[in-house]
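So the chains spell out like this:
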Amino acid sequence: MAGTGVVIDPRYMDHDTGAGHPECAERIGALLPLVEALAPEVTRLQARPATPDELALVHEPEYIKEVAATQALPHFAFDADTPTSPRSYETARLAAGGFLVLLDAIMAGDVENGFALARPPGHHSESGRAMGFCFFNNIAVGAQYLRRRYGLGRVLIVDWDLHHGNGTQHMFESDPGVLYVSTHQFPYYPGSGNFGEVGTGEGEGYTVNLPFPAGFGDAEYRQAFERIVEPVARQYDPQFVLISAGFDAHARDPLGGMMVSEAGFGALARVLLDVATEHSQGRCAAILEGGYDLSAIRSSVHHVLAAFGGRLAADSRALPPSRAAAVLERVKKTQRRFWKL
Ligand SMILES: [Zn+2]
């Protein structure tokens, strides 16, 4: 097959969050040498900025103008966590557009799957609001783009970032054309993502939240994916699998309380790749969300790319004891109205 595409660009370092901010330019700086070292195994794709019309697939035009207006200001802050610099708007457009380049390359068959290693991240941004380090919701723009441009009817988004992707959930909660599945620490920032948030109206049943207490690691995540994420994903029969791939659930992450390892993230990617292979012709694309320990991000991305390239064997070890049973039982009880679990 056509292999794995990677979007990464030194211009992703141009969004300056100021001294001491965890969502820093070095997150991309740490990944550039890894991608260069992997050069024969992955295809580099050239990022482009998303147009305002493309951003308006999920964002209010007035809000896009508000973000654009920050270009004229040396500094601005949408909230305490979400500061801007003069290049932030362009960098945020390049993050969303880089993801669209990857999706186009997969749809064209130039690559089979891929990873956009972009910043700023996106899953907290709402249609009319920046928050939580996020300006434009890259994965939501991508999902809507796939539907409008290619006429796809069912797009799966799996969000394994430490935090709940409030923006993504809200954009699609009444829409059965996008199934949003999230594992996240709870209660925690941003506060949403409880069991009972299952979507509304036509979209009821197409939001699946797995709120986890702090301390869950590879065993709990693997069990959650085997018992809930994978069966729900297969029943949905997606035409494209998208991953909000944050690495702040890694054991070494300074913001999170989870214990996932780099190999654990590779195993999660492997599960979703298998779903993509059997349901969506292998079409699977990840976008970087959070993750604030540089070496943890680098090794985790390495494992996920190994899974994407078919170089990671399935984890066939017996499932170790897991503390997830009670949480997963509660998710099942909630979701059994909509899915066979
Ligand atoms: Zn996060």
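Now for a look at the structure at hand. (Residues numbered from 1 in each chain as written. Predicted model: local features only at pLDDT ≥ 70, side-chain atom pairs only at ≥ 80, totals over all residues. Heavy atoms only, no water.)

Along the protein chain, the regular secondary structure elements total 11 helices and 10 strands. Compactness check: the protein chain gives a C-alpha radius of gyration of 18 Å against a globular reference of 20 Å for 341 residues, within 12% of the reference. If one aligns the C-alpha atoms of the protein chain with their principal axes, the spans along those axes are about 55 × 45 × 40 Å. Here the protein chain, with 341 residues, has 60% of them falling under the buried criterion. Taking the intrachain contacts of the protein chain between residues at least 6 apart in sequence as the baseline, contacts between residues at least 24 apart amount to 79%. Looking at the protein chain as shown, the accessible area adds up to about 12,300 Å², and 52% of this sits on carbon and sulfur atoms. On the protein chain, the mean spot of the 29 positive side-chain charges and the mean spot of the 40 negative ones are 5 Å from each other. (Helix = DSSP H or I, 4+ residues; strand = E, 2+ residues; numbered from the N terminus. Rg over C-alpha atoms; globule rule 2.2 N^0.38 Å. Buried < 20%, exposed > 50% of the residue type's maximum accessible area, 1.4 Å probe, protein only. Contact = heavy atoms within 4.5 Å. Areas by Shrake-Rupley, 256 points an atom, 1.4 Å probe, with all protein chains shown as cover. Lys, Arg positive; Asp, Glu negative; His and termini not counted. Charge placed at Lys NZ, Arg CZ, Asp CG, Glu CD.)

So, on to the nonpolar core. Formed by 107 residues in total, the largest nonpolar core has its most connected members in F115, W160, L210, L242 and F247. Contacts of L210, omitting those with residues within four sequence positions, involve V181, S182, T183, H184, A224, I228, V229, L328 and V331. (Core = buried A, V, L, I, M, F, W, Y, C linked by side-chain atoms within 4.5 Å.)

At a minimum axis distance of 8 Å, the contact between helix α9 (residues 262-279) and helix α10 (residues 294-308) shows a crossing angle of 30 degrees. Of the possible angle classes, the one that applies to α9 and α10 is roughly parallel. Here α9 runs over α10; the crossing is right-handed. In this structure, α9 uses E262, A263, F265, G266, A269, R270 and L273 to contact α10, whose residues at the interface are S299, S300, H303, V304, A307 and F308. Counted by class, the contact of α9 with α10 contains seven nonpolar, four polar and two charged residues. (Axes fitted to C-alpha atoms, helices over the stretch in contact; angles between N-to-C directions. Parallel < 35°, antiparallel > 145°, perpendicular 65-115°, else oblique. Left-handed = near helix turned anticlockwise from the far one by under 90°. Nonpolar A, V, L, I, M, F, W, Y, C, P; charged D, E, K, R; others polar.)

With that settled, consider the packing of helix α5 (residues 88-107) against helix α6 (residues 138-150). Relative orientation of the contacting elements α5 and α6 amounts to 40 degrees, with a least axis distance of 9 Å. Relative to α6, the element α5 lies oblique. Remark: the crossing between α5 and α6 carries right-handed chirality. Contacts between α5 and α6 involve A92, A95, A96, F99, L100, L103, D104 and M107 on the former and, on the latter, N138, I139, V141, G142, Y145, L146, R149 and Y150.

Most of strand β7 (residues 178-185) is tucked away: eight of the eight residues are buried. Alternating positions in β7 separate into two faces, V178, Y180, S182 and H184 on one and L179, V181, T183 and Q185 on the other, with burial throughout. As paired strands, strand β6 (residues 155-159) and β7 are joined by five bridges and run parallel to one another. Residue pairing for β7: L156 is matched across the bridge by L179. (Pairing = 2+ DSSP bridges.)

A separate point is the sheet that holds strand β9 (residues 240-245). Taken together, the eight strands give an open sheet; going across it, the order is β2-β1-β5-β10-β9-β6-β7-β8, and neighbouring strands pair in parallel fashion. Pairing within the sheet leaves two strands with one partner each, and these edge strands are β2 (42-45) and β8 (207-212). Strand-to-strand twist of the sheet, defined as the mean angle between neighbouring strand axes without regard to direction, takes the value 15 degrees. Bridge analysis of strand β1 (residues 4-7) against strand β5 (residues 113-116) gives four bridges, and the strand direction is parallel. Opposite V7, over in β5, you have A116 as the bridge partner. Along the sheet face, α9 touches β5, β6, β9 and β10 (284-288) and points at about 165 degrees away from the line of β9.

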